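Residue-level listing of the chains:
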Amino acid sequence: MTTTASRAVGRPLARIEGPAKVTGAAKYAAEYAIENVAYAWVVQSPVPRGTLTSVVVDPTTEADDVLAVLWHGNAPRLAEPKDPELAVLQSERISYRGQAVALVVARTLEAARRAAQLVRLEIDAEPHDAVLREDHPEIYTPEADPDSPAETECGDVDAAFAAAPVTVDVRYETPALHNNPMEPHATTALWAGDDLVLYDSNQHPPGVAAAVGAVFGMPADRVRVITEHVGGGFGSKGTARPNAVLAAMAARVVGRPVKLALPRQALFSMVGYRTPTLQRIRLAADRDGTLTAVDHQAVEQTSRLYEWAEQSAVVSRHMYAAPNRRTRNRLVRLDLPTPRWMRAPGEAPGSVGLECAMDELAAELGMDPIELRVRNEPRAEPESGVPFTARNFVACLREGARRFGWEGRDPRPRRRREGSWWIGTGMAAATFPCNVMPSIARVRRSPDGTVDVSIAATDLGTGARTILTQIAADELRLPPERVRVHIGDSSLPKASVAGGSAGSASWGWAVTGACRELRDSGGDEATFDTTELVEQQETDGKHAYGAHFAEVRVDADTGEVRVSRLFGMYAAGRILNPRTARSQFIGGMTMGMGMALHEEGVLDPAMGEWVNHDLGEYHVPAHADVEWIDAEWLDEADDELNPMGSKGIGEIGIVGSPAAIVNAVAHATGVRVRDLPVRLDKLLPHL
């Protein structure tokens, strides 16, 4: 029998697949050795709007090397998909620069790339619009979503704002951000008769199987998607992307397996990104800091091809108490690629506006920013009134401040200097909802006493494979080495997407249920489906919380910003594996640093594209940028969530950490930058 001391859950087990990854044995989507494979290269549109009238193949192209050149004039017809981005090579219309308009298939990768470079596109270009602005004539409110409406309002915000003795009315902007997983989007496709096999880099094998099957008129069970290892996704691989459909189409046309790996530059247009946001935040308060009104409005962009809304103002619906409230999310359709999920969609950019505005309100009040937040701690969900299952936000503030050394901080800006460096500290709140989705797991016992756990989940590098092993080991009272977890295959029992910080909660619940049934029945196999249990759950009032603290220094002569310390304190339920949890927390915080100081898609409006579309010019934090970073957590029990008592931790690290850094820069220099990232050219004129 497993004792408390020997339990696997809660121990910092190393990643089970770690040795395979560091030795190169782990196979990614484009690395499987397939016989007689051909290679595909995407031809992308050089204009943001227009009509493709013809594709002309260069006569010097070696006919023996090139197997096919597909475009809307000769590509096989597909069924109309729910996601228009998957209707590849089906229409003459061009909706954004970088859209796939042709595909070259050749015997070698080099031949495919060269032929794609020589293809001549005949296009009737049209005027385009690529600039997001608040006064855009086509701005609109997206259709209501019952789970997350575009607008909410209660009380009289305008009257409260007019009557308040202290107010803040500020605008914050965040730029387009790009996911940039280490492994590009890639697919190896092969047909076995009328069945399709895809080795594909994605976050949801069953979802990809269903989506790709639908466009080819096939049931999902005729498409097998294998995703054993994934080199990151950050949301951009949450649904089927055009590469999967293009590879499958090409394989059917040429009658042999086809590999398609998107080049890094294509990841800036074909697979999604985080929309830029234009936010206006108005806060009204009494002189003691009690909020009387919160008004958070955001304008974002989507494409003309497909509507996708980031919902940046949603974070203000849950964080602070105030009797008068308004949130509003609006969209503008532009001739640009479709935005998609990126780590903490909504909460990440929205918390920049809210948490920086709270810092500005604290300055107006002459009040410590931590005490301002404590004073406005709600007893229940601020809008719905649903009780929280567990809200330890104030404890995160108090304990985080103690560990960071916040006490004694001079709230006045530009007061501490060491040599040429101005020194400042800042903080911000973090929150993310506790999501859970239906999943199915199967457990089988072998004659030798080992157990096989099967679920079509995906490990993006988060440690999901290891955590599921720990959960199953404890439920079956076995050591972890006697449990084998099988994931990353759509032919396994159906699992939810690896997204929304819901993976461990959703898959772990199914694995727990299957293991308990196997243990209690004494049989050799058990399957458990959480669908009914998940549908019965109340979704509101369930969140993970955190507090971020940053210390920065700013060079008075050059405007250079360095983050000396970045610390996160979290309340995220039961931590299943401290090693992988810490990795997730500090990974999110590092992305938050990038959001605050480095990352920015630089748009050329005339060309309708981001000109810094590679990792040479799109800057992300490197090791040298991270001088000191750490994360800790409270021992939190929340038994109303799932059998493990766990909360999602994959995204909360990027929520609030950018604002903590921006607030620290303002404290160091007295300069408040409201359009991210905080670059030296925005600081230097004021220093």
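Refer to the structure above for everything that follows.
Note that the structure is predicted; figures quoted are calculated from it, not measured.

Okay, the side chain of Glu-360 next. Tracing the sequence through the fold places Glu-360 in helix H6 (residues 347–365). Look at Glu-360 and you get buried, because its relative accessible area is 12%. Polar side-chain contacts of Glu-360 include one of 2.5 Å to the side chain of Tyr-172. A distance of 2.8 Å separates the side chain of Glu-360 from the side chain of Arg-674, its partner in a polar contact. For Glu-360, the contacting residues outside a window of four places in its chain are Val-168, Val-170, Tyr-172, Arg-672 and Arg-674.

Moving on, we get to the environment of Ala-250. The topology assignment puts Ala-250 in helix H5 (residues 242–254). Look at Ala-250 and you get buried, because its relative accessible area is 0%. As for Ala-250 and Gly-193, which are separated by 57 residues in sequence, their C-alpha atoms are 15 Å apart. Those residues within four positions of Ala-250 in sequence are excluded, and the remaining contacts are Leu-70, Leu-103, Val-105 and Val-258.

With respect to the helices, strands and loops of the structure, Arg-565 is situated in strand S23 (residues 561–571). Taking the C-alpha atoms as reference points, Arg-565 and Arg-171, 394 residues apart in sequence, are found 27 Å from one another. Once residues lying within four places of it in the same chain are set aside, the contact partners of Arg-565 are Phe-404, Phe-549, Ala-550, Glu-551 and Trp-628. Side-chain polar atoms of Arg-565 contact the backbone oxygen of Phe-404, separated by 2.9 Å.

Quick notes on the rules
- Residues numbered from 1 in each chain as written.
- Predicted model: local features only at pLDDT ≥ 70, side-chain atom pairs only at ≥ 80, totals over all residues.
- Heavy atoms only, no water.
- Helix = DSSP H or I, 4+ residues; strand = E, 2+ residues; numbered from the N terminus.
- Buried < 20%, exposed > 50% of the residue type's maximum accessible area, 1.4 Å probe, protein only.
- Polar contact = N/O pair within 3.5 Å; in protein donor to acceptor, adjacent residues only side chain to side chain.
- Contact = heavy atoms within 4.5 Å.

So yeah, pure geometry; function would need other evidence.
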